[in-house]
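Observations on the three-dimensional arrangement
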Amino acid sequence: MKKTATVLSLCLLVGLSLNSHAQTTYKSDSGLFTPVVKSLYLRGGVFEDAQLIGPAVGYRFNERYDLTIHTEFLSNEYKFDNNPNPKTTLLNLGVILGRTNSLFEQYLLRSELSFYQAIIFNTEAYNDISDPSLTSGIISSSLYRKLPLSGSISLLPNGGVFLGYGNYTAPYSSANLRQGFDGFVVGPQFGFDVSLELSDSFYLVANPEINIPLNTNDNKYGNTLLFNVQLNF
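First, a word on what this report is: a plain description of the structure on this page. (Residues numbered from 1 in each chain as written. Predicted model: local features only at pLDDT ≥ 70, side-chain atom pairs only at ≥ 80, totals over all residues. Heavy atoms only, no water.)

1. Points about the overall build of the protein
Broken down by element type, the protein carries two helices and 13 strands. In the protein, which comprises 233 residues, the share counted as buried stands at 42%. Taking the contacts inside the protein whose residues are at least 6 apart along the sequence as the reference set, 61% of them involve residues at least 24 apart. Summed over all atoms, the accessible surface of the protein reaches about 11,800 Å², with 60% contributed by carbon and sulfur. (Helix = DSSP H or I, 4+ residues; strand = E, 2+ residues; numbered from the N terminus. Buried < 20%, exposed > 50% of the residue type's maximum accessible area, 1.4 Å probe, protein only. Contact = heavy atoms within 4.5 Å. Areas by Shrake-Rupley, 256 points an atom, 1.4 Å probe, with all protein chains shown as cover.)

In structure tokens form, the structure reads like this:
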């Protein structure tokens with residue numbers, strides 16, 4: 001219990017966040033940035049208690065390159081039809097390297113390389129169940145079209161492709177780890193960002209994004225809807 005509390009405290013200290021590409025898409029100055037809650041899943045009841053919390057923090061080196069660290073902490077107890085109850089405690093650590101290029105006045109090309117590795121702390125009462133594990137990487141690239149509606153509001157529809165490979169054994173839980181997939185995945189991705197600039201240092205960014213793997217298997221991946229509150233420092 002003490003170890004779990006320590007790990008969670010470290011995760012929270014790393015930062016409050018969400019999706020890193022909003023930072024260089026809308027702001028080119030160097031500095032720290034935080035989105036807000038890159039992963040959040042809470043479930044409680046007679047079947048399962050699960051908490052998946054994923055803060056992140058990033059640093060933009062210049063107008064092109066940025067780096068984000070995402071720490072996703074899972075604590076889970078599955079209660080239904082099991083005696084003793086399987087319990088899981090793990091940390092899914094992600095590193096995301098981003099590059100943004102201005103192609104023309106209203107067009108941006110955003111590329112990301114992301115790598116995730118799960119670190120297992122506890123798999124109590126798993127017995128014949130396979131222990132969870134995750135190692136995965138994805139490279140993606142999307143073209144953005146900036147459509148200003150006013151001095152403070154912009155739309156950024158975007159589309160691109162992604163390619164990844166992962167080795168994933170899912171935890172005995174209804175929660176799914178970020179970038180949790182097994183084998184190769186490839187397909188298109190689409191987004192429709194909405195940026196509201198409230199001041200020079202505060203953006204409210206709605207960032208719906210969907211990934212469509214063309215070679216799906218039993219492990220779920222994609223169809224993610226994200227909502228960002230982007231803070232620039």
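2. Focus on the environment of Pro 148
Structurally, Pro 148 can be placed in strand E9 (residues 147–148). Those residues in contact with Pro 148, other than ones at most four positions away along the chain, are Gln 106, Ile 153 and Ser 154.

3. Brief notes about the packing of aromatic side chains
Within the structure shown, the criterion is met by four aromatic pairs. When the centroid spacing of 6.2 Å and the interplanar angle of 90 degrees are considered together, the rings of Phe 104 and Tyr 107 count as edge-to-face. With relative accessibility at 30%, the residue Tyr 107 sits in the partly exposed group. Ring centres of Tyr 165 and Phe 184 lie 4.7 Å apart, and the angle between their planes is 55 degrees; this geometry places the pair in the tilted category. Here Phe 184 lies in strand E11 (residues 183–199) and Tyr 165 lies in strand E10 (residues 153–169), a separation of 19 residues in the sequence. (Phe/Tyr/Trp six-rings, centres within 6.5 Å; stacked < 30°, edge-to-face > 60°.)

4. Considerations on the nonpolar core
Core analysis: the largest hydrophobic core is formed by 10 residues, namely Leu 52, Leu 74, Leu 90, Ile 96, Tyr 116, Ala 118, Leu 134, Tyr 168, Ala 175 and Leu 177. Looking at this core, the elements that each hand over two or more residues are strand E6 (87–104) and strand E7 (107–124). Filtering out sequence-adjacent residues up to four positions away, Tyr 116 remains in contact with Lys 38, His 70, Asn 92, Leu 93, Gly 94, Ile 96, Leu 134, Thr 135, Ser 136, Arg 178 and Gln 179. (Core = buried A, V, L, I, M, F, W, Y, C linked by side-chain atoms within 4.5 Å.)

5. A word on the pairing of strand E2 (residues 39–43)
Working note: regular strand, side chains alternate between the two faces of the sheet. Judged from the five bridges that link them, E2 and strand E3 (residues 48–54) form a sheet pairing that is antiparallel. Across the sheet, residue Arg 43 finds its bridge partner in E3, namely Ala 50. Remark: four residues form the turn of the hairpin made by E2 and E3, two consecutive strands paired antiparallel; Gly 45 in that turn has positive phi of roughly 160 degrees. (Pairing = 2+ DSSP bridges.)

6. Structural notes on the side chain of Asn 101
Relative to the elements of secondary structure, Asn 101 occurs in strand E6. A polar side-chain atom of Asn 101 sits 2.9 Å from a polar atom in the side chain of Arg 99. Setting aside anything within four residues of it in sequence, one finds Asn 101 in contact with Arg 64, Tyr 107, Leu 108 and Leu 109. (Polar contact = N/O pair within 3.5 Å; in protein donor to acceptor, adjacent residues only side chain to side chain.)

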